[in-house]
Amino acid sequence: MNIPENLLYTKEHEWARLEGSQATVGITDYAQSSLGDITFIELPKAGDEMEQSKALATVESVKAASDVYAPLSGNIVKVNEDLEASPELINQSPYENGWFAVIEIANEKEKEGLMSASDYKAYVETLSK
Amino acid sequence: MSYIPHTKEQTQEMLKAIGASSIDELFKDIRPALRPRSFDIPEGLSEFDVIERMRALASKNATGLINFLGAGFYDHYIPAAVDAITERSEFYTAYTPYQPECSQGWLQAIYEYQTAICELTGLDAANASLYDGGTALYEAALMAIRTTGRNKIIMDSGVNLIYRTMLYTYTSNLSVEFVETPVAHGQSSREEIYKHLDDKTAAVIVQNPNFFGTIDDHSDIAEKAHLCGALVIASVYPVSLGLLKTPGEIGADIATGEGQSLGLPLSFGGPYLGFMACKKEFVRKMPGRIAGATVDKDGKRGFVLTLQAREQHIRRERATSNICSNEALCALRAIVYTTLLGKQGLKELAQLNYERSEFAKNELDKIKGVEVKRSSPTFNEFTLALPRNADKVVAEMIDKGFAAGFPLGRFYKGMDNYLLVSTTEKRTEEEIKEFAEALRVVI
Amino acid sequence: MKLIYEKSIKGRRGFRLPKALASKKCDLPKKYQRVKDPDLPEVSELDCVRHFTNLSRMNFSVDSNFYPLGSCTMKYNPKFTEKALKLEGFLELHPLLPQLLGGGMLAQGSLEVIYETERLLCEITGMDAFTMQPLAGAHGELTGAMLIAAYHKHKGSRRKYVIVPDSSHGTNPASAAIAGYEVIVVRSDKDGCMDIGAFKEKLNEDVAAVMLTCPNTLGIFNPRIKEIADLAHKAGALMYYDGANLNAMMGKCRPGDLGFDVVHLNLHKTFGTPHGGGGPGAGPVGVNDRLVQFLPISKVSKRDDGTLYLDYNNPKSIGYIAPFYGNFAVILKAYAYMLLLGKEGLTEVSEYAVLNANYCMKLLKDHYELSYDRTCMHECVFSASRQADKGVHAIDIAKYLIDKGFHPPTIYFPLIVKEAMMIEPTETESKETIDEFIAAMIEIAKLTESDPQVIKDAPQKAPVKRLDETKAARDLNLRFKGSP
């Protein structure tokens, strides 16, 4: 299970990469592998306002539709348009090419509620027990 | 007799294997207090007795009336091969093709049906079918609301009143705003539609031919609606699409309709066939089952139910619809019917319907006191103005052996003297002449 | 197999139409005419018949295969009901005929079929009135949810929620949602029944109804069902009965007596009408007297002289939910079925459906994980979790069963059972057939230990091998687009 060190994580298996006042977000390797082959993603539009822990996107596999929640509140700066035609990027490269959106962080404090890589790793291990 | 194959001995063997002393022991969770207070059902009958009873009931219905009654539901001839194929029990007694590898026959047939619906409507994608034309129109309205995020629907009153009433019923607990616009000279009133069209409008619903049988070209309405970001839903009569401009050609986003005319018997109102097609950008908002082509492990073409993540069994309360059925057997009738008719046949069928109706118009116009309304062209149904109450005329025509049409006063205020008359390819020159003669005598 | 469109030969005809009256060209103005002809197949009648006959042979069906698809009641559909349907007088009757003045007298036979079917269903379920209009089970659920909304509105309250257990059919929450309700899900307890403690916590004055399947989707009859109904009623909520599983209960127990206020039935399940590849079915809805006044328009009623008519005078009705009187042909077949079986036959249906399911359960429980080990009703639910540990999943088992000539059980439902396999043999299957099925299931359990790959490679004997459903959803191909 790939869990990069430099990211922050949620219990719903989203990740956030912080760069200045912005955060790039996506779903973790664990999430993509439990969802299976992703066939479609419904993304927000640039300019949409997101609230932490509220639905940011919906991903569909053949037999499931799952919400993905915003790890942090803020406005959407841009979304990964490649995913529309190639949702498989999420499976192939969840932390790089499979990113979902960039958020302009509205509330720096919210970061404190996110997990570090080691905490997330420990959390995932409890799930597979 | 209940089609149960167990012998007494087998029942005992099975109980023994289970470890129960009697069948009743298996029902022990249903305590005596929960048992039926009554179960007063008649004793069973033999197959012969039931058929005789059915024969007696069937004979209480009128047979042999010559049919000029349509109003959205038409008396077309059904080729024998349609029955022969749909009666094959490999189709009849299968269920929804959840397991594609043992349901390829059904899935391919549905894919072929979807193709035919796309060809008829001129749109990109169709679903595997819905219950009927009315529920299909309701689903289309909800689809437009979901797609646009708006909740106002403009509906032309040329849309079948039964369907309009159904839409009101279904949306009575939802926040949907309906505006009904009048018919002007038999066609959709542009003036009224444009007056209400705005950036809150989710969809404009039109019907072609409309309930009065008149033909319209709604291209201009589609253009204006799209400028406001609204969708256009066209409710259409599939046989007419052999001749008339398609929903795709007018620019409609969603087409729905009643598929009964494609090889389904009238059968006192059901089962019928709701069809739906749309532009490709709206496919994921479409309700119902959808078959798609793919390949198997060896790369061989095969078919599956696809886009299932829209549906109730996966998305539950957030599904695009609660529908679980597709009227597959009815859709099969439709694809076999359109296959038999074929490209040329469907066109000729539509022309025959048009021609018979034009002939009937001329014959009926000769009757003194009767006027054919001719403000707009019609397909296979038209309005007659009678010198007296159409309800009464129709009752008298029944005695002459005709189901003379639909008295419009039933649905429209102030139209008590108007009669809606339909002629399909089944109505011969002689029958139309006899009909005109009978009407002349009655009036 | 080629598509019918790929067999098309330009100029070939499959059907001869009546002659045109006039040879002159159609005079409809061009602006109303379609520009491009539809690309429909051009084939002969034999081409068409052979094509669809060969397609039919690529399906499993009840008439050709054991079809233990849980929750779907794939019983044998007696042939005589088709004969009844084809009688002159039923098939060609125009639905608007009774709307013509005096026309009701021309459809007395069909109106009687509807009227009598309603009476029989009332007695079977213990309800006070039925509408035959809903066109399918889910359509019945939506109708029921709208009736419930009308009831509360009439009482002056607008309740917001509908409660469903986590084992419910997907249609329940979906129907409640499109009727305008929010859905509350209550978990199941260790016995597989809705957890009463959790239910009590969720129940409040804003709950409009509780939707339950009984026996539930695990095939379990909840012995505390009456208690749930009493609690719901005390809170002012109504009880909704999803009739998918009525085949387990006829003559043994009636939803009306259990305290249910609204009931939908699936005629295509319990009353032996063919499923036809996914429809048409019929989903009539029954209510007790608190809700009769809200039933859809129209209603078949009897005059003093014994004749029948369509009653449109119902000001409190929810309105029109179907264009006419329901799927008449399906209703007719169900009526014929009930007449033939009668009281004793209908009771036997449930007895033997339950016997067959318990027999399956008992003989398979040493080989598969039984999630809830107790007497079942008409179906039993196993988990393939033990097999899944060896890499063989419920879907693999399903595909191997296809090679053995059996339609697979319902898999991955109910959602609360991991790797679920839901088996409903129905009463019409013989001990020999069930024994063969059990033998196949045991063979699979053994192969999982010795040669799991064989199962994972199945099916080998079907017209296609395992299909790529991911590709189907990613590269949408929903229609034929002409030869390249």
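A. Geometry of the domain arrangement of chain C. Its domain assignment divides chain C into domain 1 (4-57), domain 2 (80-340) and domain 3 (349-474). Inter-centroid distance (C-alpha atoms) of domain 1 of chain C to domain 3 of chain C is 45 Å.

B. The nonpolar core, seen in detail. Judged by nonpolar contacts, the single largest core of 241 residues is most densely connected at Met54, Leu364 and Leu384 of chain B together with Phe221 and Phe271 of chain C. Per-element accounting of this core gives the leading share, 23 residues, to helix α10 (residues 328-364) of chain C. Setting aside its immediate chain neighbours within four residues, Phe221 of chain C contacts Asp29, Ile30 and Leu34 of chain B together with Cys214, Pro215, Met249, Cys253, Leu258, Arg374 and Met377 of chain C. Listed in part, the 88 residues of the second largest apolar core include Val236, Val239, Ala277 and Val336 of chain B.

C. Summary view of the pattern of salt bridges. The final tally for this structure, using the stated rule, is 70 salt bridges over all chains. In this structure, Glu13 of chain B engages Lys431 of chain C in a salt bridge whose closest nitrogen and oxygen atoms are separated by 3.3 Å. Linking Glu13 of chain B in helix α1 (residues 8-18) with Lys431 of chain C in helix α13 (residues 431-450), this pair reaches from one chain into another. We classify Glu13 of chain B as partly exposed; its relative accessible area is 43%. Measuring nitrogen to oxygen at the nearest pair gives 3.5 Å for the salt bridge that ties Asp391 of chain B to Arg410 of chain B. One end of the pair, Asp391 of chain B, is in helix α13 (residues 390-399); the other, Arg410 of chain B, is in the loop between β16 (406-407) and β17 (418-422), and 19 residues separate them in sequence. Bridged by salt links that share partners, the residues Asp75, Lys426, Arg427 and Glu431 of chain B together with Glu92 of chain C form one connected network.

D. The arrangement of the interface of chain C and chain B in detail. Between chain C and chain B, the residue contacts involve 205 residues of the former and 189 residues of the latter. Between chain C and chain B the total buried area reaches about 17500 Å² when both faces are included, carbon and sulfur atoms providing 63% of it. Taken together, the links from chain C to chain B amount to 16 salt bridges. Residue Asp257 of chain C pairs with Arg37 of chain B through a salt bridge whose shortest N-O separation is 4.0 Å. Taken together, the connections running from chain C to chain B amount to 102 residue pairs in polar contact (both at pLDDT 80 or more). Per-element tally for the side of chain C that touches chain B: the top contributor is α10 of chain C, with 28 residues. In the side of chain C that touches chain B, the residues fall into 113 nonpolar, 43 polar and 49 charged.

E. Layout of the interface of chain B and chain A. Each partner contributes to the interface: chain B provides seven residues, whereas chain A provides eleven residues. Summing both partners gives a buried area of about 710 Å² for chain B against chain A, and 45% of it is carried by carbon and sulfur. It is Arg284, Ile314 and Arg315 of chain B that lose the most area in chain B upon contact with chain A, and together they represent 56% of the buried surface on that side. Residues Arg315 of chain B and Glu60 of chain A are paired through a salt bridge, measuring 2.5 Å at the closest nitrogen-oxygen approach. Applying the counting rule to chain B against chain A returns two residue pairs in polar contact (both at pLDDT 80 or more). Here the residues of the side of chain B that touches chain A sort into two nonpolar, one polar and four charged.

F. Highlighting the pairing of strand β14 (residues 381-385) of chain B. All names here are of chain B. Burial runs high along β14: five of the five residues are buried. Burial along β14 is two-sided: Glu381, Thr383 and Ala385 facing one way and Phe382 and Leu384 facing the other are all buried. In terms of strand pairing, β14 meets β17 through five bridges, oriented antiparallel. Of the residues in β17, the one forming a bridge with Ala385 is Tyr418.

G. Looking closely at the state of the cysteines. Applying the stated criterion across every chain, the model contains zero disulfides over all chains. In this structure Cys48 of chain C is a free cysteine whose sulfur lies 17 Å from that of Cys330 of chain B, the closest cysteine sulfur available. The class for Cys48 of chain C is buried, based on a relative accessible area of 0%. Here Cys193 of chain C stays unpaired: no disulfide links it, and the sulfur of Cys214 of chain C, its closest cysteine neighbor, is 9.3 Å away.

H. Region of interest: the pairing of strand β9 (residues 101-105) of chain A. All names here are of chain A. Here β9 lies mainly inside the structure; four of its five residues are buried. Looking at chain direction, strand β3 (residues 22-27) and β9 are connected through four bridges and run antiparallel. Opposite Thr24, over in β9, you have Val102 as the bridge partner. Bridge count for strand β8 (residues 74-79) against β9 is five bridges, and the pairing is antiparallel. From the neighbouring strand, Asn75 faces β9, where its bridge partner is Glu104.

I. Representation of the packing of helix α12 (residues 394-403) of chain C against α13 of chain C. Residues and elements named next belong to chain C. Axis separation between α12 and α13 bottoms out at 11 Å; the angle between their running directions is 130°. On the basis of their axis angle, the class for α12 and α13 is oblique. Crossing handedness for the pair α12 and α13: right-handed. Across from Ile397, Tyr400 and Leu401 in α12, the residues of α13 making contact are Phe437, Ala440, Met441, Glu443, Ile444 and Leu447.

J. Quick look at the packing of helix α3 (residues 108-125) of chain C against α10 of chain C. Residues and elements named next belong to chain C. Axis separation between α3 and α10 bottoms out at 10 Å; the angle between their running directions is 45°. In terms of orientation, α3 and α10 fall into the oblique class. α3 and α10 meet at a crossing whose hand is left-handed. Contacts between α3 and α10 involve Ser110, Val113, Ile114, Glu116, Thr117, Leu120, Leu121 and Ile124 from the former and Phe328, Ile331, Leu332, Tyr335, Met338 and Leu346 from the latter. Grouping the constituent residues of the contact of α3 with α10 by class yields eleven nonpolar, two polar and one charged.

K. Molecular detail of the environment of Ser118 of chain A. Residues and elements named next belong to chain A. As for its placement among the helices and strands, Ser118 is situated in helix α4 (residues 117-127). Overall, Ser118 belongs to the partly exposed group, its relative accessible area being 49%. Spatially, the C-alpha atom of Ser118 lies 9.8 Å from that of Tyr9, the residues being 109 residues apart in sequence.

L. Focus on the side chain of Glu379 of chain C. Residues and elements named next belong to chain C. Turning to its location among the elements, Glu379 is positioned in the loop between β10 (369-370) and β11 (380-383). Within polar-contact distance, the side chain of Glu379 engages the backbone nitrogen of Ser71 at 2.8 Å. Once you skip the residues sitting within four places of it in the chain, Glu379 turns out to touch Gly70, Ser71, Asn216, Thr217, Leu218, Gly219, Asn245, Ala357, Met422, Ile423 and Glu424.

M. Geometry of α13 of chain B. All names here are of chain B. Among all positions in α13, only Ala390, Asp391, Val393, Val394, Met397 and Ile398 are buried. For α13, the buried positions fall inside an angular range of 160° around the axis, keeping them on one side. Tucked into the core, α13 has its buried residues touching β15 (402-403), β16, β17 and α14 (429-442). You can read the cap of α13 off the contacts: a side-chain oxygen lies 2.8 Å from the backbone nitrogen of Asp391, and it is on Asn389.

What counts, and at which threshold
Residues numbered from 1 in each chain as written. Chains lettered and ligands numbered in written order. Predicted model: local features only at pLDDT ≥ 70, side-chain atom pairs only at ≥ 80, totals over all residues. Heavy atoms only, no water. Domains from an automatic or database assignment. Core = buried A, V, L, I, M, F, W, Y, C linked by side-chain atoms within 4.5 Å. Buried < 20%, exposed > 50% of the residue type's maximum accessible area, 1.4 Å probe, protein only. Helix = DSSP H or I, 4+ residues; strand = E, 2+ residues; numbered from the N terminus. Contact = heavy atoms within 4.5 Å. Salt bridge = Lys/Arg side-chain N within 4 Å of Asp/Glu carboxyl O. Buried area = accessible area lost by both parts, 1.4 Å probe. Polar contact = N/O pair within 3.5 Å; in protein donor to acceptor, adjacent residues only side chain to side chain. Nonpolar A, V, L, I, M, F, W, Y, C, P; charged D, E, K, R; others polar. Pairing = 2+ DSSP bridges. Disulfide = S-S within 2.5 Å. Axes fitted to C-alpha atoms, helices over the stretch in contact; angles between N-to-C directions. Parallel < 35°, antiparallel > 145°, perpendicular 65-115°, else oblique. Left-handed = near helix turned anticlockwise from the far one by under 90°. Arc of directions from axis to C-beta.

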